[in-house]
Amino acid sequence: MEIIRKGGRTLKQYTLERKKEEQERLEQQIRFIVEIDKVKNVFRQTYLTDGKRKENDAEHSWHLAVMAVLLKEHMEEEVDVAKVMTMVLIHDLVEIDAGDTYAYDDKGAQTKREREVKAADRIFGLLPEDQGSYFRMLWDEFEAYETADAKFAHLLDNFQPFLLNDVSEGKSWIEHGVHRSQVCRRNEHIPETSEIVWEKMLEVMEKHIEKGTLIRD
C-alpha cells in the first residue's frame, strides 16, 4: 500500500512534484546565467591600463570583487566582504537594458534611475523568487548608499575607474574634459568611508592637474 503524505499526495506524486519544481528552478537560473552574459558587451568609458580599449562591465565587476578582499582593512567601519563581493558583481547587471551612464554625464543621469529600476525588475525577475529577491535587495541597498557595505561597494565602484584613469594617463578624463570639482563631487562620501583612500585620490588628482589631464577649477 502506497504511503499517503500530507496534503493527500502519495510519495510518488510528491517526488515527481519536487523534481518538477527543481527542474523549473534550474531553468530559471539558467535563463538568468545566459542573460547576464550580455554584460560583457556593455562597455564603459574607462580605459584599461594599457589605454588601448575601454573595459566592459563584466571586467569592471570582477575587478571590484577582488578589490573588496584587498581593501577591507582600510575601511572606517566593519563590512561583510562576501556580501559586498556579491553586491559589486551584480550591481551593473541592470546596464544590460539601461546601458552605461558615464559618471559625468549630467543629461544621462536625469533618466538613469528610471531606466535602471525597470531593468532591475526584468533581469532579477528572471530568477527563482528567493534568489531574485535577494539580488534585488542587494541592488537596492547599493543604490540607497546608506549602509557600511553599500558605502564600501560605492568606494570600490569609484576608486577602480579612478585608478585606471591614473594609469592610462588620464585618457578618459581628457576625452570628456573632466574637472577636479567633478571628481570631488562624485567622491564626496569617500572620506567618511576610508580616509586613507581619499588621501590617495587627492594625491593622484593633484598629479593630473599638474600634468594637465585633469582641469583645475
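Scroll up to find the structure this text is about.
Residues numbered from 1 in each chain as written. Predicted model: local features only at pLDDT ≥ 70, side-chain atom pairs only at ≥ 80, totals over all residues. Heavy atoms only, no water.

What about the side chain of N158?
Defined as follows: To qualify as a helix, a DSSP run of H or I must reach at least 4 residues; to qualify as a strand, a run of E must reach at least 2; elements of each kind are numbered from the N terminus. The buried label goes to any residue with under 20% of its type's maximum accessible area, the exposed label to any with over 50%, and the partly exposed label to all in between, with areas taken from a 1.4 Å probe on protein chains only. The term polar contact refers here to a pair of N or O atoms within 3.5 Å; inside protein, the definition further demands a hydrogen-donor-capable atom paired with an acceptor-capable atom, and it admits residues adjacent in sequence only when both atoms are side-chain atoms. Only heavy atoms enter the contact rule, under which two residues are in contact if any of them lie within 4.5 Å.
Within the fold, N158 resides in helix 7 (residues 148-167). The buried category is assigned to N158, whose relative accessible area is 7%. A distance of 3.1 Å separates polar atoms of two side chains, one belonging to N158 and the other to N187. In this structure N158 touches R186 and N187, once residues within four positions along its chain are discounted.

Focus: the pairing of strand 1 (residues 43-47)
The test is simple: One requirement defines pairing of two strands: DSSP has to find at least two bridges between them.
Examined bridge by bridge, strand 1 and strand 2 (residues 54-56) share 2 bridges and lie antiparallel to one another. Residue pairing in the sheet places Y47 in a bridge with K54 of strand 2. Linking strand 1 to strand 2, which pair antiparallel, is a turn of 6 residues; within it G51 sits at a positive phi near 70°.

Quick notes on the layout of surface pockets
Note the cut-off: Only protein atoms enter the 1 Å grid, on which a cavity is a set of points fitting a 1.4 Å probe that cannot get out and a pocket is an open set with protein on both sides within 12 Å along at least 5 of 7 lines, lining residues being those with an atom within 4 Å of a point. Grid points are joined across faces, edges and corners, and a volume is the space filled by probe spheres set on the points. When residues are grouped by polarity, Ala, Val, Leu, Ile, Met, Phe, Trp, Tyr, Cys and Pro land in nonpolar, Asp, Glu, Lys and Arg in charged, and all others, Gly among them, in polar.
The volume enclosed by the largest pocket comes to roughly 1000 Å³. What lines the largest pocket is a set of 37 residues, among which T101, A103, K112, N158 and R186 lie closest to the centre. Elements represented by at least two residues in the lining of the largest pocket include exactly strand 1, helix 5 (106-124), helix 6 (129-144), helix 7, helix 8 (171-176) and helix 9 (180-186). Considering each element in turn, the lining of the largest pocket owes the most residues, 6 residues, to helix 7. Residues belonging to the lining of the largest pocket are distributed by class as follows: 11 nonpolar, 12 polar and 14 charged.

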